[in-house]
Amino acid sequence: MPVRTIRPPGLFTVAPLLVLAPFCSAPLRAQQCTVSPAQVKLGETLRITCPPEFTSAKLNDRTAKLFPQQNGQRFGLLPISVKDTPGTFSLTLSRGEADPPETLQVGIRKTIFPSQNVTLSPEIEGLHSTPEEIALLNNFKENISDSRSWADPLAPPVSGCMTSPFGVKRLHNGKPTGEYHGGVDQRTPEGEPIRAVAAGTVTFARQFNVLGNAVGIDHGQGLESMYLHMSRLVAAPGASVQRGDILGYAGSTGRSTGPHLHWVLYVNGINVNPAQWVKLQLCSAAAKKR
Ligand SMILES: [Zn+2]
């Protein structure tokens, strides 16, 4: 059989070369990394996939490590905070010293979050975290395993509808707190089992003044989850859990006005919107009244 040689069409003829010339000043290179979504809302997470030589991604002051995956590619999560500024920004993807970084454009969309007032009794409003509790939580957010235990899709920790979505501006007894809702609240009767959204390692399972009985899980490669206000804990610190394992039972411990599950997703220590990761239904206005 004759050997077919594949010749780039037109490259050796003069006319197309002249046409191409203005575009040839820089070496032609195919886009190597991808980012999803390219238009992101405040509180959402960017998923970045690159060839193996890329090691990190940077957007403004925030850096994310890109980890080797089983398919040979690199993958990383970069969180967009509720407090970030909307606009168009360059995502810089680095691959060591020798080669220049690649850049991708990311649009951060203006995102409107509603306000919500929470009525708290003086005893509940008076609850505050101790310095030891704050140190433990900071340590949790800053130390994440490099090995990935999580996989898509995450599982909802309980089945109830959402009574308060992520990002809501919080008022306590009518006064603005300057804080936003860093997780979601799901309607959950007292005693309902609370399940791990993904596999991981339990970093803490203990009582806190504000969080009540709480569990924190390290899922690896940037992702962590936390579950609050439980009546009873089942998970033990250091234990490995699988997606769907029972961590404890719903309650109203800590700064809480009634049984529900408040849970949080952290990406590289920043609160992100769980509704981007898990399908969650907002409760209807009528159902919201207790
Ligand atoms: Zn909450």
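The structure displayed is predicted, hence computed values, not measured ones. (Residues numbered from 1 in each chain as written. Predicted model: local features only at pLDDT ≥ 70, side-chain atom pairs only at ≥ 80, totals over all residues. Heavy atoms only, no water.)

A. Representation of the layout of surface pockets within the structure. As a volume, the largest pocket reaches approximately 1200 Å³. In terms of lining residues, the largest pocket is bounded by 39 residues, among which Arg170, Glu179, His181, Arg255 and His262 are the most central. Elements represented by at least two residues in the lining of the largest pocket include exactly strand S10 (115–118), helix H3 (131–142), strand S11 (162–164), strand S12 (169–172), strand S13 (175–180), strand S18 (223–230) and strand S22 (260–267). Taken together, the residues of the lining of the largest pocket sort by class into 11 nonpolar, 20 polar and 8 charged. The computed volume of the second largest pocket comes to approximately 160 Å³. Elements that contribute at least two residues to the lining of the second largest pocket include exactly S12 and S13. By residue number, the principal contributor to the lining of the second largest pocket is S13, which donates 5 residues. Broken down by class, the residue content of the lining of the second largest pocket amounts to 6 nonpolar, 4 polar and 4 charged. (1 Å grid on protein atoms, 1.4 Å probe; cavity = no way out; pocket = protein on both sides within 12 Å on 5 of 7 lines; lining within 4 Å. Points joined across faces, edges and corners; volume = space filled by probe spheres on them. Helix = DSSP H or I, 4+ residues; strand = E, 2+ residues; numbered from the N terminus. Nonpolar A, V, L, I, M, F, W, Y, C, P; charged D, E, K, R; others polar.)

B. Looking closely at the sheet that holds S10. In spatial order, the strands read S10-S12-S13; together these 3 strands make up an open sheet with mixed pairing. Of all the strands in the sheet, just S10 and S13 have a single pairing partner and so form its edges. Between one strand axis and the next, the sheet turns by 30° as a mean value, whatever way the strands run. Where S12 and S13 come together, 3 bridges link them in antiparallel fashion. Within S13, the residue paired with Leu171 across the bridge is Pro176. (Pairing = 2+ DSSP bridges. Axes fitted to C-alpha atoms, helices over the stretch in contact; angles between N-to-C directions.)

C. Fine view of the state of the cysteines. A full pass over the atoms with the stated rule returns 2 disulfides. Covalently, Cys33 is tied to Cys50 through a disulfide, its sulfur atoms 2.1 Å apart. Looking along the S-S bond of the Cys33-Cys50 disulfide, the torsion reads about 120°, which is the right-handed sense. Placement of the pair is Cys33 in the loop between helix H1 (14–20) and strand S1 (34–36) and Cys50 in strand S3 (residues 45–50), with a sequence separation of 17 residues. No difference in accessibility class separates Cys33 from Cys50, as the two residues are buried. Paired through a disulfide, Cys161 and Cys283 show a sulfur-sulfur distance of 1.9 Å. Here the S-S torsion is close to 95°, and the disulfide linking Cys161 with Cys283 is therefore right-handed. Of this pair, Cys161 sits in the loop between H3 and S11 while Cys283 sits in the loop between strand S23 (270–272) and helix H4 (285–288), placing them 122 residues apart in sequence. Residue Cys283 is classed as buried on the basis of its relative accessible area of 6%. Disulfides within the chain link the bonded cysteines, taken in sequence order, as 1-2, 3-4. (Disulfide = S-S within 2.5 Å. Buried < 20%, exposed > 50% of the residue type's maximum accessible area, 1.4 Å probe, protein only.)

D. Main features of the coordination of the zinc ion. Taken together, His181 (NE2), Asp185 (OD), Asp185 (OD) and His262 (ND1) make up the protein donors of the zinc ion, found 1.9 to 2.8 Å from the metal. Around the zinc ion sit 4 donor atoms, and with donor-metal-donor angles ranging over 52 to 159° the site reads as irregular. (Donors = N, O, S within 2.8 Å, 3.2 Å for Na, K, Ca; no water. Tetrahedral: all angles 85-135°; square planar, octahedral: opposite > 155°, others 65-115°.)

E. Layout of the nonpolar core. In terms of nonpolar packing, the biggest core is built from 53 residues, with Leu91, Leu93, Tyr227 and Trp277 touching the most fellow members. The element best represented in this core is S22, accounting for 4 residues. When sequence neighbours within four positions are dropped, the list of residues in contact with Leu91 reads Val35, Ile48, Ala57, Lys58, Leu59, Leu78, Glu102, Thr103, Leu104 and Val106. By size, the runner-up hydrophobic cluster in this structure holds 11 residues, among which are Leu137, Ala214, Met226 and Leu228. (Core = buried A, V, L, I, M, F, W, Y, C linked by side-chain atoms within 4.5 Å. Contact = heavy atoms within 4.5 Å.)

F. Main features of the pairing of strand S4 (residues 56–59). Here S4 runs beside strand S5 (residues 62–65); their pairing, made up of 4 bridges, is antiparallel. By the bridge assignment, Ala57 is partnered in S5 with Ala64. Between S4 and S5, which pair antiparallel one after the other, the connecting turn spans 2 residues, and Asn60 there sits at a positive phi close to 50°. With 4 bridges connecting them, S4 and strand S8 (residues 87–94) associate as antiparallel partners.

G. Quick peek at the sheet that holds strand S9 (residues 102–109). Reading across from one edge, S2-S9-S8-S4-S5 is the order of the 5 strands in this open sheet, with mixed pairing throughout. Whereas interior strands pair on both sides, the edge strands pair on one side only; in this sheet they are strand S2 (39–41) and S5. When strand polarity is set aside, the average angle formed by the axes of neighbouring strands in this sheet is 30°. Both S2 and S9 contribute to a ladder of 3 bridges, which runs parallel. The residue of S9 that forms the bridge with Gln39 is Gly107.

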